[in-house]
Amino acid sequence: MIILIMIIACILGTIVGLNAPMISYTYSSYLAIAIIAALDTVFGGIASVINKKFDMKTFISGFFGNAILAILLTLLGEKLNVDIYLAAIVVFVGRMFMNLGIIRRYYVEKWTEKIKSNKNKSKES
């Protein structure tokens with residue numbers, strides 16, 4: 001069910017993305033950092049579901065809190081003429097890869113256990 005929702009969301013996102021107007025260069029860094037922060041929260045949410053520690057309040061507050069903090073860091077960096085948003089990108093992307101590793105290990109272990117159980121069933125028959 002979740003896979004179907006993800007596929008539909010990707011298709012809708014592609015359609016909207018192809019038909020959306022171009023973002024001006026002045027706002028592109030804000031949008032990019034907000035998207036990366038939001039993706040970090042989504043991967044963190046998936047990892048917390050796997051670890052059975054998911055909390056919707058934490059997820060929602062993290063989603064908006066991370067995005068707003070990242071945008072504010074980008075704004076501050078722009079005012080100071082320093083690329084502070086690069087630090088936020090490094091942190092968010094690092095966390096995304098860490099959470100993606102947790103997700104990957106979970107599904108690889110699940111897949112391996114399924115193969116082992118199928119082999120044991122075929123040997124018993």
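A quick note: this is a predicted structure, and the numbers were derived from the prediction, not measured.

Trainee: Pulling in residues and values, what's your account of the packing of aromatic side chains?
Mentor: This structure, assessed with the given rule, holds four aromatic pairs. Relative to Phe-63, the ring of Phe-59 lies with its centre 6.2 Å away and its plane at 35°, an arrangement referred to as tilted. Of this pair, Phe-59 and Phe-63 both sit in helix α3 (residues 56-80), four residues apart, which is roughly one turn of that helix. For Phe-63, a relative accessible area of 26% gives the class partly exposed. Between Tyr-106 and Tyr-107 the ring centres are 5.0 Å apart and the planes differ by 80°, which places this aromatic pair in the edge-to-face class. You can call Tyr-107 partly exposed: its relative accessible area is 47%.

Trainee: So what's going on with the packing of helix α2 (residues 25-50) against α3? Which residues, and what values?
Mentor: Contact geometry for α2 and α3: axes closest at 8 Å, N-to-C directions at 150°. Considering their axes alone, α2 and α3 lie roughly antiparallel with respect to each other. Here α2 and α3 pass one another in a crossing that is right-handed. For the pair α2 and α3, the contacting residues are Thr-26, Ser-29, Tyr-30, Ile-33, Ala-34, Ala-37, Ala-38, Asp-40, Thr-41, Val-42 and Gly-45 in the first and Phe-59, Gly-62, Phe-63, Asn-66, Ala-67, Ala-70, Ile-71, Thr-74, Leu-75 and Glu-78 in the second. Here the contact of α2 with α3 is composed, by residue class, of 12 nonpolar, seven polar and two charged.

Definitions and limits used
- Residues numbered from 1 in each chain as written.
- Predicted model: local features only at pLDDT ≥ 70, side-chain atom pairs only at ≥ 80, totals over all residues.
- Heavy atoms only, no water.
- Phe/Tyr/Trp six-rings, centres within 6.5 Å; stacked < 30°, edge-to-face > 60°.
- Helix = DSSP H or I, 4+ residues; strand = E, 2+ residues; numbered from the N terminus.
- Buried < 20%, exposed > 50% of the residue type's maximum accessible area, 1.4 Å probe, protein only.
- Axes fitted to C-alpha atoms, helices over the stretch in contact; angles between N-to-C directions.
- Parallel < 35°, antiparallel > 145°, perpendicular 65-115°, else oblique.
- Left-handed = near helix turned anticlockwise from the far one by under 90°.
- Contact = heavy atoms within 4.5 Å.
- Nonpolar A, V, L, I, M, F, W, Y, C, P; charged D, E, K, R; others polar.

That's the geometry; what it means functionally is another story.
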